[in-house]
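Chain by chain, the residues run as shown.
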Amino acid sequence: MIIQDSSQEFDVIILGSGISGSILATILAKHQARVLMLDKSTHPRFAIGEAMTSHTESLLSVLSHQYSIPELDYLSSFPKINQNITTSCGYKRAFGFLYHHENQEQSAQERILWGVTQSSHLFRQDIDNYFANVAIKYGANLLSQTIIDTINIYQEGVEVTIKTGEKYTANYLVDASGYKSMLAEKFQLRKNPTRCTCHSRSIFTHMVGVKNIDDCLSGISNQENILPWYQGTVHHVFDGGWMWVIPFNNHENSTNPICSVGLNLDIRRFPKNGKSPEQEFQDLIAKFPSVATQFEDAQLVRDWVSTGRMQYSSHSCTGERFYILPHATGFIDPIFSVGLIQTFTTISPLAALILKAIANNDFSSQQFTALAKLQQKIFDYYDHIAHHTYIAFSNFHLMNIWLRVWLLQHTMSVAKIIWSQLLGFLIVDKDGYQEKNILQFAEIDYLNDINPMTEGWGNSYVYKAMAEIAKVEQGLISADAAAANIQSLVNSTNWLFRSCGLVNPDNRFMDVFDSPRYNFSFLAYAFWVKLFLKKEDRPFDFKFKNFIDAVRLGIKV
Ligand SMILES: Cc1cc2nc3c(=O)[nH]c(=O)nc-3n(C[C@H](O)[C@H](O)[C@H](O)COP(=O)(O)OP(=O)(O)OC[C@H]3O[C@@H](n4cnc5c(N)ncnc54)[C@H](O)[C@@H]3O)c2cc1C
């Protein structure tokens, strides 16, 4: 229990001190807000949400420079985490998909391995503990092992009473308590049944003794040898589901022997059947010989968690004097690791909106409405992507081309953040972190800058591809026909963009972000976008001056 401030009055009370609550608390406290976090648990404690992506990392770098907090940038790559936070996290240098058929060895023809930046697998108990401490360092208060009794929201502020009777008041309340959101329950915001289109459940745990997948695959070709599979997130995919294998022990500087494992199933095809999670896992992997080999010596280090349908959603995430963060508002599926992307996309403008409200003593709910709408829109976008991904998993060819569509939109989102935002910050902060005019991030225009949905060109082909996949679900066309239609769609994208090599389905092994071909064509494409597309049609934008300054100063992103 850490209360640095003897007063019981705060600007903001945050429910939950997980990664989202602690990072928001850090930003607000750094900018002189009086913050109290209340958590029912105590750090370190288990948490799920372990795979990072270049999108999540770009957002953390943006947050770090936007609010001048170096510690947030430590999460933006494996080497930085390893040097500054903990050695218990894993390395994610690749993103691999292995397609499996029942009772067959995994085929070398049905593999996709893409190299990514020096990303990470977060051992969340240590990361969350670190950021709770960072928040305290910047002046936030934390009451852990605290049971909240009542929450009252009045016109003039909020009052939270804890089980022991103490009352805490604040001008604003943020719910970062995750799945069992107290505010969603209090205001009956959950949609039941959920509006999500994805239908999946999960069983997950941590293990030791999981073999390197490279030792379990037959026929690894020279072409495939661009990177070791085990130094990445491995997705074992089969019709109706997929499994993540997220090692923390896959780098010479990692000191954690653990590997995270999760099995995700379409709940309509694989309803819960009364078996224990361990039995269910063993029965499933027994069908896929290469997966069974990977786990033959594995041992659990904690109990399985077995969920029901994972999806939940809320019809609103804001109201008078409160805001509900993404994981407390809704959840879709772990595929493509979009949980933390949504969290940091929201926090980036939300922190500025709250700081502005404190400065003006005006907490009127309208100021938060545009962000709330965007948060819900992004959630629905990712839900559709997840739903169509499960259908695409019914066939390797469809999965192969759909993953390319996904990667192209992902690349656009990252380019938007790096070129539109981060580059400018890195130039300003070239000699050390400078304080920014934070109120600019509370402007409505900033929401467009941070929105990962590349409106116009970027989205239209994502939606068109999803429409093809939907026809497979409706039984209108075969999976192979859908794959061919999506291939034609992708072939019609801008030739500069196509020349990055990603659209060719035979290009199954590619060190994407390290590839000169990819980087050169993407750079050329960025200039084409700037020169030939109208502002409203550009999937992302940047300033020529920033580009020239970055080259002049030798800044690399
Ligand atoms: C199976 C699964 C796999 C996932 N994989 C990924 C992934 O690979 N990558 C990714 O980006 N995201 C992933 N996610 C999403 C990710 O877990 C969340 O985005 C992330 O954990 C959100 O962090 P948070 O701090 O908002 O919530 P949490 O981590 O859930 O923290 C909530 C905090 O609130 C506290 N709390 C809860 N209830 C109360 C209460 N009543 N009173 C006080 N305190 C309370 C808890 O003790 C906890 O400290 C996954 C999610 C699931 C379910």
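Procedures and definitions
- Residues numbered from 1 in each chain as written.
- Predicted model: local features only at pLDDT ≥ 70, side-chain atom pairs only at ≥ 80, totals over all residues.
- Heavy atoms only, no water.
- Near = heavy atom within 4 Å.
- Polar contact = N/O pair within 3.5 Å; in protein donor to acceptor, adjacent residues only side chain to side chain.
- Helix = DSSP H or I, 4+ residues; strand = E, 2+ residues; numbered from the N terminus.
- Nonpolar A, V, L, I, M, F, W, Y, C, P; charged D, E, K, R; others polar.
- Buried < 20%, exposed > 50% of the residue type's maximum accessible area, 1.4 Å probe, protein only.
- Lys, Arg positive; Asp, Glu negative; His and termini not counted.
- Salt bridge = Lys/Arg side-chain N within 4 Å of Asp/Glu carboxyl O.
- Contact = heavy atoms within 4.5 Å.
- Core = buried A, V, L, I, M, F, W, Y, C linked by side-chain atoms within 4.5 Å.
- Axes fitted to C-alpha atoms, helices over the stretch in contact; angles between N-to-C directions.
- Parallel < 35°, antiparallel > 145°, perpendicular 65-115°, else oblique.
- Left-handed = near helix turned anticlockwise from the far one by under 90°.
- Arc of directions from axis to C-beta.
- Phe/Tyr/Trp six-rings, centres within 6.5 Å; stacked < 30°, edge-to-face > 60°.
- Lys NZ or Arg CZ within 6 Å of the ring centre and 35° of its normal.
- Pairing = 2+ DSSP bridges.
- Right-handed = clockwise from strand over helix to strand, strands pointing away.
- Patch = residues over 30% accessible without salt bridge, like charges linked within 9 Å, V, L, I, M, F, W, Y side chains within 5 Å.
- Areas by Shrake-Rupley, 256 points an atom, 1.4 Å probe, with all protein chains shown as cover.
- pLDDT = per-residue confidence, 0-100.
- Expected span 1.5 Å × (residues − 1).

Description of the site of the ligand
Around the ligand lies a shell of 26 residues, among which Ser20, Asp39, Arg45, Ile48 and Leu340 are the nearest. In this structure, an oxygen atom belonging to the ligand sits 2.9 Å away from a side-chain N or O atom of Arg45. Broken down by secondary-structure element, the contributors of at least two residues to the shell around the ligand are α1 (19–30) and α10 (339–360). In the shell around the ligand, the residues fall into twelve nonpolar, nine polar and five charged.

Here we look at the side chain of Asp383
Tracing the backbone through its elements, the reader meets Asp383 in helix α11 (residues 366–392). Arg309 is the oppositely charged side chain nearest to the buried, salt-bridge-free Asp383, at an N-O distance of 6.1 Å. Excluding residues within four positions of it along the chain, Asp383 makes contact with Arg195, Cys196, Thr197, Cys198 and Ile332.

Here's the deal with the environment of Ser17
Secondary-structure assignment places Ser17 in the loop between β1 (9–15) and α1. Its relative accessible area of 1% is what places Ser17 among the buried residues. C-alpha separation for the pair Ser17 and Leu38, spaced 21 residues apart in sequence, amounts to 6.8 Å. Discounting chain neighbours no more than four positions away, the residues touching Ser17 are Ser22, Met37, Asp39, His43, Arg45, Ala132 and Leu142. At 2.9 Å, the side chain of Ser17 and the side chain of His43 are in polar contact.

Quick notes on the nonpolar core
Ranked by size, the top nonpolar core spans 160 residues in total, and within it Ile14, Ile23, Leu28, Tyr67 and Leu75 carry the most contacts. It is helix α12 (residues 396–428) that contributes the most residues to this core, 19 residues altogether. With sequence-adjacent residues up to four places away left out, Ile14 is seen in contact with Gly21, Leu24, Ala25, Leu28, Val35, Leu36, Met37, Leu38, Val174 and Ala176. One finds Met243, Leu284, Val291 and Phe295 within the second-largest nonpolar core, a separate group that totals 27 residues.

Here we look at the packing of α10 against α11
In the contact formed by α10 and α11, the axes pass within 10 Å of each other and the chain directions differ by 180 degrees. Between α10 and α11, the angle falls in the class roughly antiparallel. Of α11, the residues touching α10 (which contributes Ile341, Gln342, Thr345, Thr346, Pro349, Leu350, Leu353, Ile354, Lys356 and Ala357) are Gln367, Phe368, Leu371, Gln375, Ile378, Phe379 and Tyr382. Grouping the constituent residues of the contact of α10 with α11 by class yields eleven nonpolar, five polar and one charged.

Some thoughts on the packing of α11 against α12
Taken N-terminus to C-terminus, the directions of α11 and α12 make an angle of 160 degrees; their axes are 9 Å apart at the nearest point. Taken together, the axes of α11 and α12 lie roughly antiparallel to each other. As α11 runs across α12, the sense of the crossing is left-handed. Contact with α11, carried on its side by Tyr381, Ile385, His388, Thr389, Ile391 and Ala392, involves Leu398, Met399, Trp402, Trp406 and Gln409 of α12 and no other residues of that element. Classifying every residue of the contact of α11 with α12 by side-chain character gives eight nonpolar, three polar and no charged.

Focus: helix α7 (residues 277–286)
If you check which residues of α7 are buried, you get Glu280, Phe281, Leu284 and Ile285. Projected down its long axis, α7 shows its buried positions confined to an angular sector of 120 degrees, all on one face.

Brief notes about the packing of aromatic side chains
Within this structure, the stated rule accounts for 39 aromatic pairs. Judged by centre distance (5.2 Å) and plane angle (90 degrees), the ring pair of Phe281 and Phe295 falls under edge-to-face. With Phe281 in helix α7 and Phe295 in the loop between α8 (289–294) and β13 (299–300), the pair connects residues that are 14 residues apart, well separated along the chain. For Phe295, a relative accessible area of 6% translates into the label buried. Three or more aromatic residues joined by ring pairs form one cluster here, namely Phe513, Tyr518, Phe522, Tyr525, Trp528, Phe532 and Phe540. One residue, Arg302, lies across the ring of Phe46, its end atom 3.7 Å from the ring centre. Here the guanidinium or amino end of Lys530 rests over the ring plane of Phe544, the centre of that ring lying 5.7 Å away.

Observations regarding the pairing of β1
Burial runs high along β1: six of the seven residues are buried. When β1 meets strand β8 (residues 167–175), the two strands line up parallel, connected through six bridges. Residue pairing across strands places Phe10 opposite Ala170, the latter belonging to β8. Sheet topology places β1 next to strand β2 (residues 35–38); four bridges connect them, and they run parallel. Following the sheet pairing, Leu15 is matched in β2 by Leu38. For the segment spanning β1, α1 and β2, crossover handedness is right-handed.

Considerations on the environment of Gly115
Summarising the element assignment, Gly115 is placed in strand β4 (residues 111–121). Distance from Gly115 to Trp495, taken between C-alpha atoms, is 22 Å for residues 380 residues apart in sequence. With near-sequence residues (within four places) excluded, Gly115 lies in contact with Arg93, Ala94, Leu227, Met510, Asp511, Val512 and Phe513.

Concerning a nonpolar patch on the surface
A surface patch of nonpolar side chains, about 430 Å² in accessible area, is lined by Leu531, Phe532, Phe544 and Ile548. Those elements that place two or more of their residues in the nonpolar patch are α17 (516–532) and α18 (544–553). On the secondary structure map, Leu531 appears in helix α17.

Examining the confidence of the model for the protein
Low pLDDT marks stretches whose predicted atomic positions should not be read closely. Taken as a whole, the protein shows an average pLDDT of 94; of its residues, 98% reach a score of 70 or greater. Per the prediction output, this complex has pTM 0.97; the corresponding ipTM is 0.99.

Quick look at helix α5 (residues 124–137)
Helix length check: α5, at 14 residues, gives a terminal C-alpha distance of 19 Å against a target of 20 Å (1.5 Å per residue), a fit within 8%. Residues Arg124, Ile127, Asp128, Tyr130, Phe131, Ala132, Val134, Ala135 and Ile136 constitute the buried set of α5. Taken together, the buried residues of α5 touch α1, β2, α3 (70–73), α4 (78–84), β5 (141–143) and α10. Among the residues trailing α5, Gly139 stands out with phi positive, at a value near 110 degrees.

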